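Structural overview
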Amino acid sequence: QVQLVESGGGLVQAGGSLRLSCAASGIIFSISRMGWYRQAPGKERELVAGIDSGGSTNYADSVKGRFTISRDNAKNTAYLQMNSLKPEDTAVYYCVVEVFTDYVGPGHDYWGQGTQVTVSS
């Protein structure tokens, strides 16, 4: 089994910063993709940022230039540095990690429990 623990959410004023962390533990042979999604009340879950095993990243247009995704492979941890936060960034943020538990089997996506980010105006 694989567990993901997210941390770093909270309440911040517009223009402020937060850093989210997502640590994976359990039976892990390797991790491929790592990403962050968010879901605001009444809206669908959307991709915020992703990073592959080679370090290539992609971002939603709405966060480009403000958010940075990174990973520490030794710690099986993904990070999302969020700067210049806006009220429209308010949402529950979820991390997702593609984990391979052995050399030959397929990878599986595991989701974090979600962490609330609230940006006040």
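So, here's what we can say about the structure. Predicted, not measured: the structure shown is a model, and the values here were computed from it.

**Topic: the nonpolar core**
Grouped together as the largest cluster of nonpolar side chains are 30 residues, with contacts concentrated most on L4, W36, V48, F67, L80, M82 and Y93. Every element with two or more residues in this core is listed here: strand 1 (2–7), strand 3 (18–26), strand 4 (30–39), strand 5 (46–51), strand 7 (67–72), strand 8 (77–82), strand 9 (91–100) and strand 11 (115–120). The element contributing the most residues to this core is strand 9, with five residues. When sequence neighbours within four positions are dropped, the list of residues in contact with M82 reads G16, S17, L18, L20, R66, F67, Y93 and V117.

**Some words on the sheet that holds strand 7**
A sheet is described by the order of its strands in space; here four strands give the open sequence 1-3-8-7, paired in antiparallel fashion. Strands at the two margins of the open sheet, each flanked by one partner only, are strand 1 and strand 7. When the angles between neighbouring strand axes are averaged without regard to direction, this sheet yields 15°.

**So, the pattern of salt bridges**
In total, this model carries six salt bridges according to the counting rule given. As a salt-bridge pair, K64 and D61 come within 3.1 Å of each other at their nearest N and O atoms. D61 sits in the exposed class, given a relative accessible area of 64%. In the salt-bridge network here, residues are joined through shared partners; they are R38, E46, R66 and D89.

**What to know about the side chain of R71**
Along the chain, the position of R71 falls in strand 7. Buried R71, no salt bridge; nearest opposite-charge side chain is D52, N-O distance 5.8 Å. Here the side chain of R71 touches I31 through a polar contact of 3.2 Å, landing on its backbone oxygen. A polar atom in the side chain of R71 sits 2.7 Å from the side chain of N73. Ignoring any residue separated from it by four or fewer positions in sequence, one finds R71 in contact with I31, S32, M34, I51, D52, S53, T77, A78 and Y79.

The rules behind the values
- Residues numbered from 1 in each chain as written.
- Predicted model: local features only at pLDDT ≥ 70, side-chain atom pairs only at ≥ 80, totals over all residues.
- Heavy atoms only, no water.
- Core = buried A, V, L, I, M, F, W, Y, C linked by side-chain atoms within 4.5 Å.
- Buried < 20%, exposed > 50% of the residue type's maximum accessible area, 1.4 Å probe, protein only.
- Helix = DSSP H or I, 4+ residues; strand = E, 2+ residues; numbered from the N terminus.
- Contact = heavy atoms within 4.5 Å.
- Pairing = 2+ DSSP bridges.
- Axes fitted to C-alpha atoms, helices over the stretch in contact; angles between N-to-C directions.
- Salt bridge = Lys/Arg side-chain N within 4 Å of Asp/Glu carboxyl O.
- Lys, Arg positive; Asp, Glu negative; His and termini not counted.
- Polar contact = N/O pair within 3.5 Å; in protein donor to acceptor, adjacent residues only side chain to side chain.

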